Structure formats: C-alpha cells, structure tokens
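Spelled out from the first residue to the last, the chains are:
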Amino acid sequence: MARVSFYSKPGCKGGTKQKVLLTAAGHEVIPYNLLKEPWTVERLRSFFGDRPVAEWFNLSAPKVKSGEVVPEKIDAQTALALMLKEPLLIRRPLLEVGEQREVGFDVQKIDAWIGLQAVDESLQEISDKLLKQDLQNCSHGKDHNHSQGSQQHQKQGNCKH
C-alpha cells in the first residue's frame, strides 16, 4: 500500500470521496490544503507531466467559468504564474507517491499506478459505489456557479462541494 500526499481544497465533496476510495484500497492518505501550500513553479509543474496546459486547470474555478481565464489560450509559464497567484485555478487533486506525481483523479490511471481495489469485503460496497461516480469532475454538476459572491467562500475553504 502507498503513502499518498493528497492536495485538495478542504470541504470538497469530490475530494472527500477520492480520499475514501484511496483509504478503502489500503493507502495512507496524507491530506494537504492545496490553497495554502507554498507552491513553487518547479514543484507545481512537476504534477502536470506531459499533459497539455489546458488540462492543468480546474474548469470549475470562477475565473475559468467566467471566461476571464481561457486555459486553451495560455502558455505554460503564464499558467503557472496565474496558479501561484490564485491556487483555485489548479486542477485537483494533486497526488504524490514517492517521486511520482499526478493531477486529477483518473480512476483507471490511479488504479494502474497504485491500485484502487478495496482491501476487504467490508469496504468493497463503498468502493463499488464510489467507482460508479464521476470522481474526476466537480461533483455539483456543470451548472454549478462558484461566482455568486462565493470567491470569499471558496478562498476560506468553506465550499462543501
């Protein structure tokens, strides 16, 4: 079983489900607040691998949803500068096991990497239920709007999504 450093936004329902799934698979999950982590360009960049820059962004971030930030039109250097200034723009979660790092929660990729099979029958039902859900995207759907005066709500980590 792996020791997983898990960087996410506190209170995020999707992140909670992801951590439960990892724990059910016997992994030790060490949670970190993505919004308060002292990121550097080099360290943050190491999570994105060879993914296109547009895939580095949290598509539910208020500035992305409003069109103020258009991930497809931003180069890597600008993206990293924006993300250091405003961590809500970073796609979540960021996962780290040893020296390997990943962004997002692609179930197939994570299962192949560290395994997501429940460690015993008592956890199998929970795992099966979670694996049927979309664990990659914002859990409140495409119509959810974070911008209704909720910039402050998001920065404080009080979002219950």
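These numbers come from a predicted model, not from an experiment.

Participant: What is the right way to read the sheet that holds strand S2 (residues 28-33) from this model?
Facilitator: Backbone-to-backbone hydrogen bonds join strands into a sheet, with any given pair of strands oriented parallel or antiparallel. As summarised here, the arrangement of the four strands in space is S2-S1-S3-S4, forming an open sheet in which the pairing is mixed. Edge positions in the sheet fall to S2 and strand S4 (100-103), since each has one partner strand and no second. On average, each strand axis in the sheet is inclined to that of its neighbour by 20°, with strand direction left out of account. Bridge count for strand S1 (residues 3-8) against strand S3 (residues 94-97) is three bridges, and the pairing is antiparallel. In the sheet register, Ser5 faces S3, and the bridge partner there is Glu96. Lying over the sheet, helix H1 (residues 13-24) contacts S1, S2 and S3, oriented at roughly 175° with respect to S1.

Participant: Would you mind showing me how to read helix H4 (residues 76-85) here?
Facilitator: Taken together, the buried positions of H4 are occupied by Ala79, Leu80 and Met83. One face of H4 carries all of its buried residues, which in axial projection span an arc of 95°. Seen from the open side of H4, the exposed residues pointing more than 90 degrees away from its buried face are Gln77 and Lys85. On its buried face, H4 sits against helix H2 (41-45). Taking the backbone nitrogen of Gln77 as reference, a side-chain oxygen 3.0 Å away marks Asp75 as the first, capping residue of H4.

Participant: Quick question: what am I supposed to make of H1 here?
Facilitator: Owing to its 3.6 residues per turn, the α-helix brings residues three or four apart onto one side. Its twelve residues give H1 an end-to-end C-alpha distance of 16 Å, which sits within 8% of 16 Å, the value for a rise of 1.5 Å per residue. Of the residues making up H1, those classed as buried are Gly14, Gly15, Gln18, Leu21, Leu22 and Ala24. Elements that come into contact with the buried residues of H1 comprise S1, S2, S3, helix H5 (107-113) and helix H6 (121-131). Backbone geometry just after H1 places Gly26 at a positive phi near 90°.

Participant: Looking at this structure, how should I read unusual backbone geometry?
Facilitator: A negative phi angle is the norm for most residues apart from glycine, just as the trans form is the norm for most peptide bonds. Omega for the bond connecting Arg92 with Pro93 falls within 30 degrees of zero, at -10°, which places this linkage in the cis form. Among the structural elements, Pro93 can be located in the loop between H4 and S3.

Participant: Explain the pairing of S2 here, please?
Facilitator: As a general feature of sheets, a regular strand has side chains that alternate between the two faces. Across six bridges, the pairing between S1 and S2 is parallel. Each residue of the ladder has a partner; that of Ser8, found in S2, is Asn33. Tracing the backbone out of S1, into H1 and back to the parallel element S2 gives a crossover that is right-handed.

Participant: Where do I start with the environment of Ile110 in this structure?
Facilitator: With respect to the helices and strands, the residue Ile110 is situated in helix H5. Separated by 88 residues in sequence, Ile110 and Leu22 place their C-alpha atoms 9.4 Å apart. Look past the residues within four positions of Ile110 in its chain and what remains in contact with it is Leu22, Leu95, Gly104, Phe105, Gly115 and Leu116.

Participant: Can you help me understand the packing of aromatic side chains in this one?
Facilitator: Two numbers describe a pair of aromatic rings. These are the distance of the centres and the angle of the planes. Scanning the model with the defined rule gives five aromatic pairs in all. Seen from their ring centres, Tyr7 and Phe47 are 5.8 Å apart, and the 75° between their planes marks the pair as edge-to-face. Taken as a pair, Tyr7 in strand S1 and Phe47 in the loop between H2 and helix H3 (62-65) lie far apart in primary sequence, 40 residues in all. We classify Tyr7 as buried; its relative accessible area is 3%. The residue whose ring lies beneath Arg101 is Phe47, and the NZ or CZ to ring-centre distance is 5.7 Å.

Definitions and limits used
Residues numbered from 1 in each chain as written. Predicted model: local features only at pLDDT ≥ 70, side-chain atom pairs only at ≥ 80, totals over all residues. Heavy atoms only, no water. Pairing = 2+ DSSP bridges. Helix = DSSP H or I, 4+ residues; strand = E, 2+ residues; numbered from the N terminus. Axes fitted to C-alpha atoms, helices over the stretch in contact; angles between N-to-C directions. Contact = heavy atoms within 4.5 Å. Buried < 20%, exposed > 50% of the residue type's maximum accessible area, 1.4 Å probe, protein only. Arc of directions from axis to C-beta. Polar contact = N/O pair within 3.5 Å; in protein donor to acceptor, adjacent residues only side chain to side chain. Expected span 1.5 Å × (residues − 1). Right-handed = clockwise from strand over helix to strand, strands pointing away. Phe/Tyr/Trp six-rings, centres within 6.5 Å; stacked < 30°, edge-to-face > 60°. Lys NZ or Arg CZ within 6 Å of the ring centre and 35° of its normal.

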